[in-house]
Each structure stands twice: as C-alpha cells, then as structure tokens.
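# Analysis of the macromolecular model
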Amino acid sequence: MTNSIGDLAEAEAFLVIGSNTTEQHPIIGLELRGAVRRGARLILADPRRIDLARYATLYLRHRPGTDIALLNGLAHIILKEGLEDREFISQRTEGFEAWREVVEGYTPERVREITGVEVDDLYAAARIYATSKPAALLYAMGITQHTSGHQNVLACANLALLTGNLGLPGGGVNPLRGQNNVQGACDVGALYNVFPGYQGVMDEEARGKFEEAWGVRLSGQPGLTVVEMFNAAHEGKVRGMYIMGENVVLSDPHSRHVQEALEALDFLVVQEIFLSETAELADVVLPASSFAEKEGTFTNTERRVQRLRQAIPPVGESKADWEIICEVAKRMEGVDPVQWEYNHPSEIMEEIARLTPIYGGISYQRLEDGGLQWPCPDGDHPGTPILHVGRFTRGLGHFSPVEQIPPDEEPDEEYPLILTTGRVLEHWHTGTMTRRVPGLEWLVPEERIRMNPFDAAKRGIEDGDWARITSRRGEVEARVEITEECAPGVVFMTFHFAEAAANLLTNPALDPVAKIPELKVCAVQVERCKD
Amino acid sequence: MGEITLKIDGKTVEAEEGLTLLQAAGSAGIYIPALCADGDLEPYGGCRLCIVEVEGWAGLHASCTTKVSEGMVVRTTSSLIDSVRRTLVELLMANGHGDCLTCPANQRCELQKVAAYVMPQEGRFRGVEPAHPWDESNPFFTLDMNRCILCGKCVRTCDEIQFLHALDLAYRGYETKVSPDFDQPWVESICENCGQCEAKCPVGAIYERARLEGAPSAETRTICAYCGVGCGLYLLTRGERVVGVRGDPENPVNEGRLCVKGRFGYDFINHPERLTSPLIKEGSRFVESTWEEALDLVARRLSEIKKEHGPEAIAVLASAKATNEENYLIQKFARAVIGCNNIDHCARL
Ligand code: SF4
Ligand code: SF4
Ligand code: SF4
C-alpha cells in the first residue's frame, strides 16, 4: 500500500476493484464500512456481487478479465469532463500525452461493450472518483491474478496519477497483500530476481555487497519463478527442491501438473507444521514450529514491520524454520559455519538491516511498540506511513499506456462458463490451518460451486445438487449454491478444500512480466451429476 | 482543542475540551464505577452507576454523558450517590444468578469489580427467577441471557465497531433481551462471528465456550498469522497450550478488533496432527527419524544434486507465512549455499 490502513478513514471516496475486502482483509473492511457510514462514497467494481456491494454507493459488475477497459474507460470520462488534476499532472508526472492517446480510444460505448457496465454507471463512477479528494484506490488479487496482471496494476496507478491522488493521506494506490507475510517475504528477497530490499541480482554493485557480506561468489542470473520451477522439474532440469511451508499442490494452478512435477524430482524436502498434500510427496519432512512457538517479525500490507513473540514451547520436536535452515546450511559441503551462527532472530534482523536500505533502521528494540513502516533507512528515521509525498522514488510519476487484452482462455462452446476463484471469510488458503479449527470447519464444511440461477436452470441444477465442473486441465465434483452473487456466465469456487480442489481446473498461463498465473479466469463447463 | 481546568473530589484536573467527566476522571486516576461505558463506543448513559454531583447543578448526573467545562467542581461520591449505586447494583444482582464461582467471567467480570467498590447487601430485592434458554448455536460463543445486565455493549459494538447491527435489545421491561436479527438462532443471523461483542461483554452473558475449560494463565503479545492486515493480538495460554486470543487494543492496525479467523482460529496450534518429529520416506511410507539423521540426509542429497547437475538443478520455495528472518535465511541459503537464484514463494497466489 502507498498509504496506511489508518489513513483510509480520511478518504472521501473509494474505488475498490478486485478486492473482496470485508472477507479477505476483514479489519480493512471495517475501515471501509466505517468511512461509508461517515459519508464517504464507495465505488465497487467486481465481477461478483460480494458483501461489500451492500455498502457501495455504486456497484459495477464488469466481466472477469476486463479491468483495463474499465479503468481506461473511467480515465476517458474524467478527461472528457475536464476533472483531471492538471497541476499534479504537469508538476509530478510524465508520459501524459502518449497515454492520453491510448485512453482516447476507450469511449464509454466501447467500454460498455467490453465490460458489460452501463454507460451511466461509468459516468457516475468517474465523477465520484475524480471529484472527491482524497480518493483511495484499493485492489487485490482480482487485479493481479491475470495474464494482464501487471498492466492491470498500471491502469490503476494511471487513474491515481490523473486525479493527483498520490502522496496524500486518504489517497493512494493500495494493493492489499494476501498472506500475512507476503510483503515481508518479498522485502527480504525471497524472489527470483532481487536480493533483499529489491536490489537486483543483475546489479553488480548490489551483488558485490552481498558477496562481501556472505563471503561467496553469487550468480547474477535471475532464477526460476514458482510456476517455472514446476515446468523445469517436469523437464528434468530441476532435480531437487526445498519447500518451506507452502502447500503448492493445492494453492498453485493446474494441480495435477504440480503434483507430477514434484513426483518427478530426485529429492524433495518439505518443512511444514502438518503433513500437507505437498509434504506427502516429500522424501524428507522436517517438522516446523508454528507462529505461536517462535520469535520473529512479519511485515503487513501497509509495510509495517511488527514483532512476533513466542507464547508456547515448540510442539513436539518441531523447530523454528530459521533454526532448521541454519542446521541444513551448516551441513552442506563447503559452507563456512560462521555465516550460519545466530543465537536469536534479532541477530538475523541486524544482518538484514545492514544489507537492506529500506530496513536499515529496523531493530527489535525499536519494534517494541507498534512497529515501523518501511522505508526506514536509519536508526532515527520514524518510518514512512505514506509513500510518494512530494516526489516519487524515480522522480516523476509515469503514465503507462495499457490496452485491454483478453484473458488467455475465453469461454467457447465446449467450456462456456468462466470460473473465477477466491476465498471465504472463515477459511484460509488451502485450509491447512483453518480446516483443523473445528468451529470454522463447522461453519463452512465444504466447497460450493456458486452459480447464477439462469445458468443453473439451463442445466437442470437445483440448489444443493452435486455437479461436475470441468476445464481443459481437470474435473472436480461439488455441490452447487445458486446465487445472484455471480453474473450469468460466471461461476465461483474457493481453493480451501482438497476434496474439491479448484486448482485442478485453473489455468497456469502467466503474466509475462509479473509471472502471476491467471487464477481469476478460466473456461469451464458445469453439469449435474446423476446422483 | 483547549485545556479545561476543573476539580474532581478536591483534586485539580486538566482535561481536553470535549471529554466527558468519566474520561477526565479516568485519566486523572479517579475511579468512577460504570458498566455500560466503553472508550471505543459512543456514550450511552444506560447503567447510571457513574452518577456524580456537580456544584451548582441540581440532582445527579451521569458522568459518561456530561462534558467537562471550565471551573466545574465535581464529587464522585457522597452518601446519596453511594446509596443510589448500591441500590442499582442490588437490582442487577437480584436479576442474575450470583453463582460467580462457576461463571466463565469469574475474576474478569466488571460487575464483580463494581460490587466490590459499592458493597451491596444480600437479599434486599427479589427478581424474577431468570429462565432464558441459552443460545449455543454459534460454534465459538454462547449467549446466556440469565447473566445479562442489559448494558447494551454487545449491541452497540456490533453496530459501531463491526458496522453490522446483527444484535438488538428486543421486547420491553422484564422481557427485554439481547437478540439476533429476527430473534433467530444467532448463527443463522447476519452475524460474522467476529466475537467483538463477546470481548466487550462486561459479565458472563456472552462468553467463549473455551473459557468453560478454565481461565488462561498467561498471555503473549504477538501478531495474527492469517491475512496481510497484520492485526495485533495476545495469545492466551495455559501451560503449553494456546487456549484463546484477545485483540491488542494498543496495536495501531486493529485497535483491539479481530475477525473470526484471528480470534477463534487457534485450535490448529496444538492439534494432534501436528508434525512432531522428522519423517523420512522409506518405500512409500514415512518413518520417524532423529533430527541428526534427517538433516544429514537433506544436506547430503542436496550437495550431491548440486555436484552432479549444477546449482540450477535445485529450486527453493520460501513462504509468505514464515517470518522475515526465515525468508531472509532461505534466500541466503539458495543464493550463497546452493548458488543460484531459483528462489521464489507464492507471492502471486
Ligand atoms: S460476533 Fe461480531 S458480528 Fe456477530 S453479533 Fe457479535 S459483534 Fe456482531
Ligand atoms: S450480553 Fe453482555 S454486553 Fe450484551 S447487554 Fe448483556 S451484559 Fe451487556
Ligand atoms: S484478525 Fe483477521 S483481519 Fe486481522 S490479521 Fe488476522 S485474519 Fe487478518
């Protein structure tokens, strides 16, 4: 997030797109509900009529995979009506004219054709967003999990630049990060192309710094991303894998392919708290401690680094992930054990701070109360609640022209429906944790394929009937829930349930830049099961 | 906003304009008993226990709804105030069970605290024998109307904090009760099971059923492990088990609020299916092993693959659930020990 959760309360308007906020980021959802009650206006754009629609001033139901057309269409109207922030554009941005030419083409009529959103609603949304200041834009995986994911993100940023909604409280472009520490994992370099602090592996100066600190030569060649790792394993190019706490068999697209890839490996080690579907395939399983049994830090979606503290001793003989990694490293051939001697996670944070400018001022001592938001370059820096105040990191904010591109897979005769996936409030991800909480499991015990009454009637399916849902990659059976929440032509499933794993169906096609698979759109057919 | 000077019980108190007398007294360390007031909720003026006298004003005034003003002289206790409070508490007790020792709220109950302060007498009033059925429909918490003091905190919490208004005070007089929308079983209402109301109930009327197995003996301040909001919470423990969670009111992210997963999703921690020792696959089944054996095997196999096929033949997946320190170490492991950048995690999923 460019801004902080706390300053959302200052927004006069919200544009929420591709985020099921009240179910997936419930406490941020409360901030939105509260702001609406105090009079802020909220525009929700989502293919599904999610809970937040009840609080929305205006709800736009666009077709899955048409976000760019919608966002460009709103920009088109803002320009046509002269509602842009000219001062901000001239002083703080570049590339406006080239971008403007692209947006010219997104007339309301054409956008209605592509997205299915009525012209009047497009005008109303554009006016609300452009005439309320500050206005905050929020998005989540509904924007990123597409083959056009990174362009979708740029289209969001363009809209904020156009209306001068960056660098001020209550504004901003605010991606809501899913997992508790996905932000932190990226920050400290658990990515194929960057060292900690987003310092490129191809950057010689950065590499030199890490080579000196770690006492070894390092590769300047970007590595493989998750989905590419599985492809490489299939092809026999990757022979060994080390997986720390991810249940990839259920969470990644095209599960069968993932499972085959893991089975093809010569050696797989999995560090986990439960024998997950992924751990089942391992040669060695190392028992990890849960978050309640260890010390450390997490970084939340607003870049706030916070302290995790140990409440109970490790369960059984389990060990914290950091201890296990050190133990393995020390046993590897040719490793200097001094590099892997840490008495406490605070010493690891000291090393992170030394090598990572955005975390430079972070120490356990300073995290005692409330945490710190990066960038926090030195020990006296108070942290940064709002990014881009006064200037952008790169100087000027850049308008990036982006065009609507269709999803990788579109409905056809054989697979006439669009499947979009997500999660529910009560469960988490692949269910490894929440499905072992009896109360949560009781509330939501099984998968339901959600579908519109029209599509259900056409197939002779009644509420609660068992149905088979099929894509080019696999098939799954589950009961159907008939609901107006889904538009005709769109069905919804979660990926919490191993017995009806939606990711057997999903499309692993990647966004070429961000390498995100298209989990939000794939073509499927649904038919009633005989009994 | 300006500072205002007033006198409470003879003590000179500075308070910001706009504060209530109850708040001003609280920050000056002067205790005024109250059951329906809460710093996170709008003033309500329902329980009348916080009554005070103000010099020059006739009658008694609820300090939770009276704003401070310059030069005010306030008394929080007098024989009149004390006797009214005593009567109010005796009436509340007459309608309840009084079986404190078996109540899940024992020792954290605010009625007990208020009673200790005003010292009510036994048996001056007799209420109707409370016989409301319990609402146990929710998997996590119970509503026992027989212990309810009708402070309305749960209703206001759901409305003002959760913005849902799933609860209301229904019916009138003696019949008044807390009720989910349409008086249906709680779990079938629009309730989102966040437990915010349970956390605010000052007595044992709404309680987490886990509390029936005993009170926690310690708590640890930490962070929720589910979503990217990163709410602050306390893990409540009893020996080596996590038996509850409460929101951290000081955490700037959530200010004490939690969702259903953060508040009630802790049973997995001590779950019997937790992995408790390393496992090595022999044939198609796993065999338990020592750490030494497992670690040696992992290091040996990875070293072999690296030697035979080069570092690029190994890929490492970090975790968006693990800590920053752990993710840092595993990328250091991939880059410095294995020797390639095949390191990623499910950031995009
Ligand atoms: S649990 Fe939450 S949603 Fe349900 S009634 Fe209580 S406050 Fe409202
Ligand atoms: S249930 Fe608890 S919070 Fe609600 S009115 Fe009764 S005593 Fe007050
Ligand atoms: S309590 Fe709920 S909203 Fe808060 S971090 Fe946990 S899962 Fe997210």
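Residues numbered from 1 in each chain as written. Chains lettered and ligands numbered in written order. Predicted model: local features only at pLDDT ≥ 70, side-chain atom pairs only at ≥ 80, totals over all residues. Heavy atoms only, no water.

Attention shifts here to the overall build of chain A. Looking only at helices and strands, chain A features 18 helices and 23 strands. Oriented by its inertia axes, the alpha-carbon framework of chain A measures out at about 65 × 65 × 40 Å. Put simply, 69% of the contacts in chain A that link residues at least 6 apart link residues at least 24 apart. Here chain A has roughly 18,600 Å² of accessible surface; of this, 48% comes from carbon and sulfur atoms. Across chain A, 51 positive and 80 negative side-chain charges occur, with their mean positions spaced 3 Å apart. (Helix = DSSP H or I, 4+ residues; strand = E, 2+ residues; numbered from the N terminus. Contact = heavy atoms within 4.5 Å. Areas by Shrake-Rupley, 256 points an atom, 1.4 Å probe, with all protein chains shown as cover. Lys, Arg positive; Asp, Glu negative; His and termini not counted. Charge placed at Lys NZ, Arg CZ, Asp CG, Glu CD.)

Right, let's talk about the domain arrangement of chain A for a bit. Here chain A is described as being made up of domain 1 (5–176), domain 2 (182–373) and domain 3 (417–528). Centre-to-centre, using C-alpha coordinates, domain 1 of chain A lies 34 Å away from domain 2 of chain A. (Domains from an automatic or database assignment.)

Moving on, we come to the nonpolar core. Membership of the largest hydrophobic core comes to 89 residues, with the highest contact counts inside it found for A:Phe14, A:Leu44 and A:Leu138. The biggest single contributor to this core is helix α2 (residues 26–37) of chain A, with 5 residues. The contacts of A:Leu44, once residues within four sequence positions are left out, are A:Val16, A:Ser19, A:Ile50, A:Leu52, A:Ala53, A:Ala56, A:Leu58, A:Tyr59 and A:Leu60. If you look at the next biggest cluster of nonpolar residues, it comprises 63 residues, including A:Phe195, A:Tyr242, B:Leu297 and B:Tyr328. (Core = buried A, V, L, I, M, F, W, Y, C linked by side-chain atoms within 4.5 Å. Buried < 20%, exposed > 50% of the residue type's maximum accessible area, 1.4 Å probe, protein only.)

Further remarks concern the sheet that holds strand β10 (residues 218–223) of chain B. Residues and elements named next belong to chain B. Within the open sheet, the 3 strands sit side by side as β10-β11-β12. Their pairing is antiparallel. Each edge of the open sheet carries a strand with a single partner, namely β10 and β12 (241–247). Direction aside, neighbouring strands of the sheet carry axes that sit 30 degrees apart on average. For β10 and strand β11 (residues 232–238), the ladder comprises 6 bridges, and the chain directions are antiparallel. For Thr222, the partnering residue across the bridge sits in β11 and is Leu233. (Pairing = 2+ DSSP bridges. Axes fitted to C-alpha atoms, helices over the stretch in contact; angles between N-to-C directions.)

Our focus in this paragraph is the site of ligand 1. Of all residues adjacent to ligand 1, which total 13 residues, the nearest are B:Cys158, B:Cys191, B:Cys194, B:Gly195 and B:Cys197. In terms of residue class, the shell around ligand 1 is made up of 8 nonpolar, 4 polar and 1 charged. (Near = heavy atom within 4 Å. Nonpolar A, V, L, I, M, F, W, Y, C, P; charged D, E, K, R; others polar.)

In this section: the packing of helix α6 (residues 108–115) of chain A against helix α7 (residues 119–131) of chain A. Residues and elements named next belong to chain A. Their axes nearest at 9 Å, the elements α6 and α7 cross at an angle of 110 degrees. By the angle between their axes, α6 is roughly perpendicular relative to α7. Between α6 and α7, the contacting residues are Pro108, Glu109, Val111 and Arg112 on the first element and Val119, Leu122 and Tyr123 on the second. (Parallel < 35°, antiparallel > 145°, perpendicular 65-115°, else oblique.)

Attention now goes to α2(A). Between its first and last C-alpha, α2(A) extends 16 Å over 12 residues, near the 16 Å set by a 1.5 Å rise per residue. Extensive coverage of α2(A) is indicated by the burial of 10 of its 12 residues. Every buried residue belonging to α2(A) is among A:Pro26, A:Ile27, A:Ile28, A:Gly29, A:Leu30, A:Glu31, A:Leu32, A:Arg33, A:Gly34 and A:Ala35, and all of these are buried. For α2(A), the elements touching its buried residues are β1 (13–17), α1 (21–24), β2 (41–45) and β5 (135–139) of chain A together with α5 (196–200) of chain B. (Expected span 1.5 Å × (residues − 1).)

All names here are of chain A. Across 4 bridges, strand β17 (residues 448–451) lies against strand β19 (residues 475–482) in parallel orientation. Considered in β19, the bridge of Met451 is made with Ile482. Summarising the sheet, β17 and strand β20 (residues 490–494) pair through 2 bridges and their orientation is antiparallel. If you follow Arg450 over to β20, its bridge partner there is Phe492.

With that out of the way, let us pick up the domain arrangement of chain B. Each assigned domain of chain B is listed here: domain 1 (3–77), domain 2 (216–274), domain 3 (275–309) and domain 4 (310–349). Averaged C-alpha coordinates put domain 1 of chain B and domain 3 of chain B at centres separated by 67 Å.

Attention now goes to a negative patch on the surface. Residue and element names in this part refer to chain B. Taken together, Glu3, Glu14, Glu16, Glu17 and Glu70 make up a surface patch of like negative charges. Topologically, Glu17 is positioned in the loop between β2 (11–16) and α1 (21–27). What makes Glu17 partly exposed here is its relative accessible area of 43%. (Patch = residues over 30% accessible without salt bridge, like charges linked within 9 Å, V, L, I, M, F, W, Y side chains within 5 Å. Salt bridge = Lys/Arg side-chain N within 4 Å of Asp/Glu carboxyl O.)

A few words on the packing of aromatic side chains. Under the counting rule described, the total for this entry stands at 17 aromatic pairs over all chains. With 5.4 Å between their ring centres and 70 degrees between their planes, A:Tyr242 and B:Phe333 make a pair best called edge-to-face. You can see A:Tyr242 sitting in strand β9 (residues 240–244) and its partner B:Phe333 sitting in helix α8 (residues 324–338), one on each of two chains. Judged by its relative accessible area of 1%, A:Tyr242 falls in the buried class. When the ring of B:Tyr226 is compared with that of B:Phe268, the centres are 6.4 Å apart and the planes differ by 70 degrees; the resulting orientation is edge-to-face. Note that B:Tyr226 is positioned in the loop between β10 and β11 and B:Phe268 in the loop between α6 (260–264) and β13 (279–282), a separation of 42 residues in sequence. (Phe/Tyr/Trp six-rings, centres within 6.5 Å; stacked < 30°, edge-to-face > 60°.)

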